[in-house]
Amino acid sequence: MLRRLLFAALLLLAACQIMSPPPTPTEPDPTAEMTGVAANPETPSAANTAPQWIQTEMNGVSIGCWQPPGWLIDTTDGLLLAEHTLSLATGEPSSGMMVYVFVPQVEHLDVVPEDTHNFALAVLSQIVTSPEHMGTDVAVSEPQEFQWGAHHAAYYLITSGDGYNMVVIGIALPNDHERLVVINAAIPAAQSALLRPALPRILNDLMIDGVEMDVTALGGLPNPLDFPIFPHA
């Protein structure tokens, strides 16, 4: 279910990995608690004990960030960051957070650029009303717009039927109504209070097409995040 949720915001296409000289990392806060989540054990690389710059290109957009110490990464299809905590019985995530940054194509969506002030909001608003993308076993909030530096952005919240919470953030590219950078961050519902404070730390120094994204913009998100209630039978 969690793997499907990571693709629920938009359709995912293949990407190729590229590496380039990273920017100077921001000095980490040694007192900050980093939450994490398990990844598919067959794809991520081995966890590192020191920060590592990871970068990939997807649909013509370069995305990069620092790997949190001890987390697993995978750049096969965008950037996947996850703590290596797996259930030995099932191999599925047992706790912690997973963050997935990718650049899907959106030309299959019926969004008219001329009528769109915030392209990210227009795309996410269409996605949340589409059972093809969202499925039927999730509760979804209404997308809300915000400004991330020079980029129009929007987000919505998800609660899944099997006990996960997720925030999905869409970031529009300046003067580009064909591509959207999407950030999916998922965590078990029992740990959902950790999601919002962890995002700025994990996404610190996130770069999109060479532009460093100022994570102070995430301070505009509600605190705490008001996840929708899944209607259990």
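Because the structure is predicted, anything quoted here is derived from the model rather than measured. (Residues numbered from 1 in each chain as written. Predicted model: local features only at pLDDT ≥ 70, side-chain atom pairs only at ≥ 80, totals over all residues. Heavy atoms only, no water.)

Caption draft 1: Region of interest: the overall build of the chain. Across its full length, the chain carries four helices and 13 strands. For the chain, with 233 residues in total, the buried portion stands at 49%. In the chain, once contacts between residues fewer than 6 apart in sequence are set aside, the share between residues at least 24 apart is 62%. Surface accessibility of the chain: about 10,600 Å² in total, with carbon and sulfur atoms responsible for 53%. (Helix = DSSP H or I, 4+ residues; strand = E, 2+ residues; numbered from the N terminus. Buried < 20%, exposed > 50% of the residue type's maximum accessible area, 1.4 Å probe, protein only. Contact = heavy atoms within 4.5 Å. Areas by Shrake-Rupley, 256 points an atom, 1.4 Å probe, with all protein chains shown as cover.)

Caption draft 2: Spotlight on the nonpolar core. If you look at the biggest cluster of nonpolar residues, it comprises 65 residues, and the most contacted ones within it are Met97, Trp148, Ile169, Leu180, Val181, Ile183 and Leu195. Contact partners of Val181, with chain neighbours within four places excluded, come to Val61, Ile63, Val101, Phe102, Val103, Ile169, Gly170, Ile171, Leu173 and Ile208. (Core = buried A, V, L, I, M, F, W, Y, C linked by side-chain atoms within 4.5 Å.)

Caption draft 3: Looking closely at the packing of aromatic side chains. According to the stated counting rule, one finds four aromatic pairs in the structure shown. Each ring, one from Trp53 and one from Trp66, has its centre 5.5 Å from the other, and the planes form 70°; the classification is edge-to-face. Of the two residues, Trp53 sits in strand β2 (residues 52-58) while Trp66 sits in strand β3 (residues 61-67), which places them 13 residues apart along the sequence. Between Tyr100 and Phe102, the aromatic rings sit 4.7 Å apart at their centres with planes inclined by 20°, giving stacked as the arrangement. Per residue, the accessibility class of Tyr100 equals that of Phe102, and both read buried. Within the aromatic cluster, the residues linked to one another by ring pairs are Phe146, Trp148 and Tyr155. (Phe/Tyr/Trp six-rings, centres within 6.5 Å; stacked < 30°, edge-to-face > 60°.)

Caption draft 4: Quick peek at the side chain of Asn165. By secondary structure assignment, the location of Asn165 is in strand β10 (residues 164-173). A distance of 3.4 Å separates a polar side-chain atom of Asn165 from the backbone oxygen of Ile158. With residues up to four places along the chain from it excluded, the contact list for Asn165 reads Ile158, Thr159, Ala185, Ala186, Ile187, Ala189, Ser192 and Phe227. (Polar contact = N/O pair within 3.5 Å; in protein donor to acceptor, adjacent residues only side chain to side chain.)

Caption draft 5: How the structure looks around the pattern of salt bridges. Per the counting criterion, the structure on display carries one salt bridge. The shortest N-O distance in the salt bridge between Asp176 and Arg179 comes to 2.7 Å. Overall, Arg179 belongs to the partly exposed group, its relative accessible area being 24%. (Salt bridge = Lys/Arg side-chain N within 4 Å of Asp/Glu carboxyl O.)

Caption draft 6: Summary view of the side chain of Ser62. Counting through the fold element by element, Ser62 comes out in strand β3. Residue class for Ser62 comes out buried when judged on its relative accessible area of 16%. Only 3.1 Å separates the side chain of Ser62 from the side chain of Gln55, close enough to count as a polar contact.

Caption draft 7: Local environment of helix α4 (residues 195-202). Within α4, burial applies to Leu195, Arg196, Ala198, Leu199 and Ile202. Down the axis of α4, the smallest arc covering the buried residues is 160°, so these residues share one side. In this structure, the buried side of α4 is in contact with β3, β4 (71-74), β6 (98-102), β10 and β11 (176-188). (Arc of directions from axis to C-beta.)

Caption draft 8: How the structure looks around the environment of Asn204. Note that Asn204 resides in the loop between α4 and β12 (207-208). Under the relative-accessibility criterion, Asn204 is labelled partly exposed at 25%. A sequence separation of ten residues divides Asn204 from Asp214, and the C-alpha atoms of the two residues are 7.5 Å apart.

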